[in-house]
Amino acid sequence: MPESVYNKSIQMVDLKTQYEGIKSEVDAAIQEVISQSTFINGPQVKKFARELKDYTGAGHVITCGNGTDALQIAMMALDFQAGDEIIVPAFTYVATVEVIALLGLTPVFVDVFEHSFELDVRQLESKITEKTVGIVTVHLYGQCSNMEEILRISDKYKLKVIEDGAQALGASYTFSDGTKAQAGTMGDIGITSFFPSKNLGCFGDGGAMFTNNEHLAEKLQMIANHGQKKKYFHDSIGVNSRLDSLQAAVLSVKLKHLDSYSEARNKVADQYDQAFTKHPGFYFPERVPYSTHVFHQYTIRLRESANRDQLKSYLQEKGIPSMIYYPLPLHLQKAYLHFGGRVGQFPVAEKLCKEVLSLPIHTEMKAEQQEYIIDSVLSFFKAK
Ligand SMILES: *Cc1c(COP(=O)(O)O)cnc(C)c1O
């Protein structure tokens, strides 16, 4: 394959081509907001919240400024108090532990499963103390963690559960009795992010919270809006976190395409899986039986960690981007070392940080582009 033809345009996420496919709808929606000039709390925001509620089946959807705010507002609404302990996976994006620390709570890290990257539920009970009030689970890379087991344990110890579904909007979970639920709608509160590169991304920042509890829904709404239900009367300390009307208008358009976007991502993932089956050099991402996958990331794991950075540079030379999500586990991050993290404490998380590599996956991948990526990955190992 002539490299020059395809390598230029390969990106981790191709938002520009995605936009071109829905340009007339999106442009009209944006123009409508501008014409109405209701930039904050316009009708588009309520409309999108309603549509997202219908899509996810959540009892209530409250929109906000971004996914990190959503996590913070969730913890405030659950009345977590300074000193309380929150269990959180050591291998995830920083946002979760950041808001835990900001609120004066104590993060208690737990290791993850090496093949599915999710919180290792077998270790959960050993982390619970009399100070534990909650568990934050992360549906990493687009696949739900083991909610049935997490909910069983949280019920037993009366803990609150927050689902960080920033990477997994649209993933469907199946409980052992056959009932299904969407990512973010199973815990006390679920959150998601509309950061542009997320599976449902807007043209800036945005986020949302899900709950099936009416009282919590009111609280989330109030906290996101300066702690007020009635303007200028503040019942609790809140924050200012809003999804603006332009973002909501864009999201309404894109939500209609979310399932086809997930399908497109799954097609790319299937192609990778087929090409990489039983490869001696690396593992491809495991699919758990209890969740569909929306492939926010397609993350391989190099069997020899020395190969990871070499493969990354090799691909880069061929014009193929790849990313390391994440290079350092949370317990070893400088900002959080004071919580007692040390090397060797969470061996799987530490190992994954040396082995993982996420390959380009998005809704606009051309077959030729993917062939070129696959050929390049395979040729790296042949050359060794
Ligand atoms: C993106 C992301 C967030 C934060 O969302 P923002 O909208 O960027 O604040 C939180 N958790 C996970 C797992 C994420 O991937």
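Residues numbered from 1 in each chain as written. Predicted model: local features only at pLDDT ≥ 70, side-chain atom pairs only at ≥ 80, totals over all residues. Heavy atoms only, no water.

Asks: Hey, could you run me through the domain arrangement of the protein chain in this one?
Replies: Domain annotation of the protein chain identifies domain 1 (18-110 + 118-255) and domain 2 (257-382). Facing 42 residues of domain 1, the contacting portion of domain 2 comprises 31 residues. Counting across the domain 1 and domain 2 interface gives zero salt bridges. If you look at where domain 1 meets domain 2, you find 22 residue pairs in polar contact (both at pLDDT 80 or more). Mapped onto the side of domain 1 that touches domain 2, the elements with two or more residues apiece are α6 (95-102), β3 (106-110), β6 (172-174) and α10 (245-255). Here the element with the most residues in the side of domain 1 that touches domain 2 is β3; it accounts for four residues. (Domains from an automatic or database assignment. Contact = heavy atoms within 4.5 Å. Salt bridge = Lys/Arg side-chain N within 4 Å of Asp/Glu carboxyl O. Polar contact = N/O pair within 3.5 Å; in protein donor to acceptor, adjacent residues only side chain to side chain. Helix = DSSP H or I, 4+ residues; strand = E, 2+ residues; numbered from the N terminus.)

Asks: What exactly am I supposed to notice about the environment of R265 here?
Replies: Here R265 lies in helix α11 (residues 258-276). Spatially, the C-alpha atoms of R265 and H331 are 31 Å apart, while their sequence positions differ by 66 residues. Side-chain polar atoms of R265 contact the backbone oxygen of H296, separated by 3.5 Å.

Asks: Looking at this structure, I do not really get the layout of surface pockets. What am I missing?
Replies: A probe as big as a water molecule, rolled over the atoms, marks out the empty space that is left. Its boundaries defined by the atoms lining it, the largest pocket holds a volume of some 790 Å³. Around the largest pocket sit 28 residues that line it, and N41, K46, I62, T63 and Q221 are the ones nearest its centre. Elements supplying a minimum of two residues to the lining of the largest pocket: α4 (43-56), β1 (60-64), α9 (214-224) and β10 (228-230). Per element, the largest residue contribution to the lining of the largest pocket is six residues, and it comes from α9. Looking at the lining of the largest pocket residue by residue, the classes come out as ten nonpolar, ten polar and eight charged. Of the pockets and cavities examined, the second largest pocket occupies roughly 520 Å³. Around the second largest pocket, the lining comprises 28 residues; the ones closest to its centre are Y93, Q167, F195, S197 and K198. Counting residues per element, the lining of the second largest pocket draws most heavily on helix α5 (residues 67-77), which supplies three residues. When grouped by side-chain class, the residues that make up the lining of the second largest pocket number 13 nonpolar, eleven polar and four charged. Domain assignment of the residues forming the lining of the second largest pocket places at least three in each of domain 1 (18-110 + 118-255) and domain 2 (257-382). (1 Å grid on protein atoms, 1.4 Å probe; cavity = no way out; pocket = protein on both sides within 12 Å on 5 of 7 lines; lining within 4 Å. Points joined across faces, edges and corners; volume = space filled by probe spheres on them. Nonpolar A, V, L, I, M, F, W, Y, C, P; charged D, E, K, R; others polar.)

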